[in-house]
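# Inside the fold
One letter stands for each residue in the lines below.
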Amino acid sequence: MISTGLMDTLQVTVLVLVAAGAFVVVRTRTRVRQVLALSVYGMLLAILFLVFQAPDVTLSELTVGAVALPIILLLAIAKVRKREQ
Amino acid sequence: MTARQRGWFFAVAAAGLVACLLWAFTGLPGFGHYPGPYGQVILGQAVQQTHATGVVSAINFEYRGFDTVGEEFILFTAAAGMSVVLRMMRGERERQPADEAESRTAAPTSSSIRVVALLLVGPTALIGWWFASHAQTSPSGGFQGGVILASAFILVYLSGEFLTFRRLSPVALVDAVEALGAGGFAGIGVAALVMNLPYLYNYLPLGQFPGAVSSSGTIALISFFVGLEVAAAFVLIVSELLEQTLLRSA
Amino acid sequence: MGIFPFLVVAWIMVAGLYGIVTSRDLIHQIVCLIVVQSSTYVLLLGVGYITGGAAPYFWDIPLHTKAVDPVVQALALTDVVVEAAVTALLLSFAIQAHKRFGTLDPHELAEFKG
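Procedures and definitions
Residues numbered from 1 in each chain as written. Chains lettered and ligands numbered in written order. Predicted model: local features only at pLDDT ≥ 70, side-chain atom pairs only at ≥ 80, totals over all residues. Helix = DSSP H or I, 4+ residues; strand = E, 2+ residues; numbered from the N terminus. Buried ≥ 20, exposed ≤ 12 C-beta atoms within 10 Å, placed from the backbone. Contact = placed C-beta atoms within 7 Å. Nonpolar A, V, L, I, M, F, W, Y, C, P; charged D, E, K, R; others polar. Expected span 1.5 Å × (residues − 1). Bend = angle between axes of the 7 residues up to and from the residue. Axes fitted to C-alpha atoms, helices over the stretch in contact; angles between N-to-C directions. Parallel < 35°, antiparallel > 145°, perpendicular 65-115°, else oblique. Left-handed = near helix turned anticlockwise from the far one by under 90°. Core = buried A, V, L, I, M, F, W, Y, C linked by C-beta atoms within 7 Å. pLDDT = per-residue confidence, 0-100.

Turning to the overall build of chain B, a few remarks are in order. When helices and strands are tallied, chain B shows nine helices and two strands. Counting over 250 residues, chain B shows a buried share of 40%. Contacts spanning at least 24 positions in sequence make up 73% of the contacts within chain B whose residues lie at least 6 apart.

A few words on the overall build of chain C. A tally of regular secondary structure across chain C gives four helices and zero strands. Reading the secondary structure of chain C in the N-to-C direction produces α-α-α-α. If you line up chain C on its principal axes, its C-alpha atoms span 60 × 30 × 15 Å. Classification of the 114 residues of chain C by burial places 51% in the buried group. Within chain C, contacts between residues at least 6 apart in sequence are counted, and of these 51% link residues at least 24 apart.

Facing 49 residues of chain B, the contacting portion of chain C comprises 40 residues. Only α1 (3-26), α2 (37-50), α3 (55-63), α4 (65-85), α6 (142-158) and α9 (218-244) of chain B provide two or more residues apiece to the side of chain B that touches chain C. Among the elements that take part in the side of chain B that touches chain C, α1(B) stands out by supplying 10 residues, more than any other. When its residues are assigned to classes, the side of chain B that touches chain C shows 31 nonpolar, 15 polar and three charged.

Moving on, we come to α2(B). Helix length check: α2(B), at 14 residues, gives a terminal C-alpha distance of 20 Å against a target of 20 Å (1.5 Å per residue), a fit within 8%. Largest kink in α2(B): about 35°, centred on B:Gly44. Among all positions in α2(B), only B:Gly39, B:Ile42, B:Leu43, B:Ala46, B:Val47 and B:Thr50 are buried. Against the buried residues of α2(B) lie α3 and α9 of chain B together with α2 (26-48) and α3 (70-101) of chain C. A positive backbone phi angle near 55° is found at B:His51, which sits one or two residues after α2(B).

So, on to the interface of chain B and chain A. Contacts between the two partners involve 16 residues from chain B, matched on the other side by 15 residues from chain A. Partitioning the side of chain B that touches chain A into residue classes produces 11 nonpolar, five polar and no charged.

Each pair of packed helices can be described by the angle between their axes along with the distance between the axes. Two elements in contact, α3(B) and α3(C), have axes separated by 9 Å at closest approach and are oriented at 65°. Between α3(B) and α3(C), the angle is such that the two are roughly perpendicular. The way α3(B) lies across α3(C) gives a crossing that is right-handed. Contact residues: α3(B) offers B:Val55, B:Val56, B:Ile59 and B:Asn60, while α3(C) offers C:Pro70, C:Val71, C:Gln73, C:Ala74, C:Leu77 and C:Thr78.

Residue and element names in this part refer to chain B. In this structure, Ala-11 sits in helix α1. The exposed category is assigned to Ala-11, around which 12 C-beta atoms lie within 10 Å. Expressed as a C-alpha distance, the spacing of Ala-11 and Leu-28, which sit 17 residues apart in the sequence, is 26 Å.

Time to look at the nonpolar core. Core analysis: the largest hydrophobic core is formed by 126 residues, its most contacted members being A:Ile72, B:Ala233, B:Phe234, B:Ile237 and C:Leu45. The greatest single-element share of this core, amounting to 17 residues, is contributed by α9(B). Other than its neighbours up to four places away in sequence, A:Ile72 contacts B:Ile237, B:Val238, B:Leu241, C:Thr87, C:Ala88 and C:Leu91.

Turning our attention to the packing of helix α1 (residues 4-27) of chain A against helix α2 (residues 31-51) of chain A. Residues and elements named next belong to chain A. Orientation of α1 relative to α2, taken along the N-to-C sense of each, is 160°, at an axis distance of 9 Å. Between α1 and α2, the interaxial angle falls into the category roughly antiparallel. As α1 packs across α2, the resulting crossing turns out to be left-handed. Contacts between α1 and α2 involve Leu-10, Gln-11, Val-14, Leu-15, Leu-17, Val-18, Gly-21, Ala-22, Val-24 and Val-25 on the former and, on the latter, Gln-34, Ala-37, Leu-38, Val-40, Tyr-41, Leu-44, Leu-45, Ile-47, Leu-48 and Val-51. Tallied by class, residues from the contact of α1 with α2 come to 17 nonpolar, three polar and no charged.

All names here are of chain C. By the element assignment, Val-36 lies in helix α2. For Val-36, a count of 18 C-beta atoms within 10 Å gives the class partly exposed. Those residues in contact with Val-36, other than ones at most four positions away along the chain, are Met-13, Gly-16 and Leu-17.

Okay, unusual backbone geometry next. You will see that A:Gln53, though not glycine, has its phi angle at about 60°, which is positive. Within the secondary structure, A:Gln53 is located in the loop between α2 and α3 (55-84).

Mean pLDDT over chain B works out to 80, with 82% of the residues at or above the 70 mark. Element-level mean pLDDT values for chain B span from 57 in strand β2 (residues 247-249) of chain B up to 91 in α1(B).

Another aspect to go through is the confidence of the model for chain C. Low-pLDDT stretches of the model should not have their predicted coordinates read in fine detail. Of all residues in chain C, 97% have pLDDT values of 70 or greater, and the mean over the chain is 88. Scoring the predicted complex yields pTM 0.89 and, for the interface, ipTM 0.90.

So, about the environment of C:Ile95. Tracing the chain through its elements places C:Ile95 in helix α3. Residue C:Ile95 is classed as buried on the basis of its C-beta count, with 25 C-beta atoms lying within 10 Å. Counting along the chain gives 14 residues from C:Ile95 to C:Leu109, while the straight-line C-alpha distance between them is 13 Å. Beyond its immediate stretch of four places on either side in the chain, C:Ile95 contacts A:Ala76, A:Lys79, A:Val80, B:Leu86 and B:Gln244.

Here's what the structure looks like:
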């Protein structure tokens, strides 16, 4: 079992990364880049949920946040871009 | 009001929100000291009562099964709502994918992407199926398994075989599978009603060994139906959006 | 570590709201809404955590080891998947708005009526 001190350090590190990731996602203004940033943010969130001892939520967030949501967003962006051309 | 005024208004409102949040969070008993008794009571009882070693799935599909029915119908309604919202507008007509072949400006998919994506379709579908049917033993469950199963279909599209994707997932079949999933879940509950038990009562045999695949009664069955429904809902969502890229206004 | 995760929750929520308010593009707004929703997942799991607890799965650990709260995990789990579907519905609204009015700028869209 991991000692409490090590677990605390791990949790604080991942929390700081998640906070930075959220800021990066919000500040990215280009559409496609923001979707990529969202995908990375989803993976960081999944690691955070794993460190919070919730493997089920990790699986959900990984599949949804890194796969399904970026695909849906990219398809919508492609549709909008096609009309703008 | 101008953008600057909006910005100042937001700053004031956000300051108020942060103050309220901080006031609420300092009233909590600190990170790591959750005092709620409900979870501990369930942890003590769940494995004996339901023969499921995955307590989170037992909560989702049995102790709190009614909430899960509601969430699943949110999913169902969102997918159905997309079909309604994205209807063809006046003056739009669908163009066949073959028509676009001459004016294709996009580069054809590279062979390495096609090979890797197609190789991954089988294992992904298998993993998704495995997750959907193992809710009671380990960190899996209908919701995750369904999304992974849907991504197996999406991999077919990503490998460049758009027409195969359309043929593999005709809208009528996907709609039927989604309805089967949602209806199956509700139907398991209604069958309990017919047997004079409360709605969604766990009436199937519990199995001898906690954590075996064929244990925990209705939990495994419900998780399987939820997996079907979630997979169909996501395939439907992606097909709807893909069809949109084929529409062209006259 | 008493209150730090909850400070991060407040930070993520306010950052997402700031993105929604200062956005000039509907799709950017929708992604910022996803960020705001993710702050609620972190809050749920942060509230339910118990120091020294293991994950609530008793397949390979003895039956009465200290475990974190499973109820909030069940809530967060269904939440994550349903959010994706609702986001897809929001995106379909954005697509239809673009078809009708030709723009995805919320400031311009606000001036159209019907």
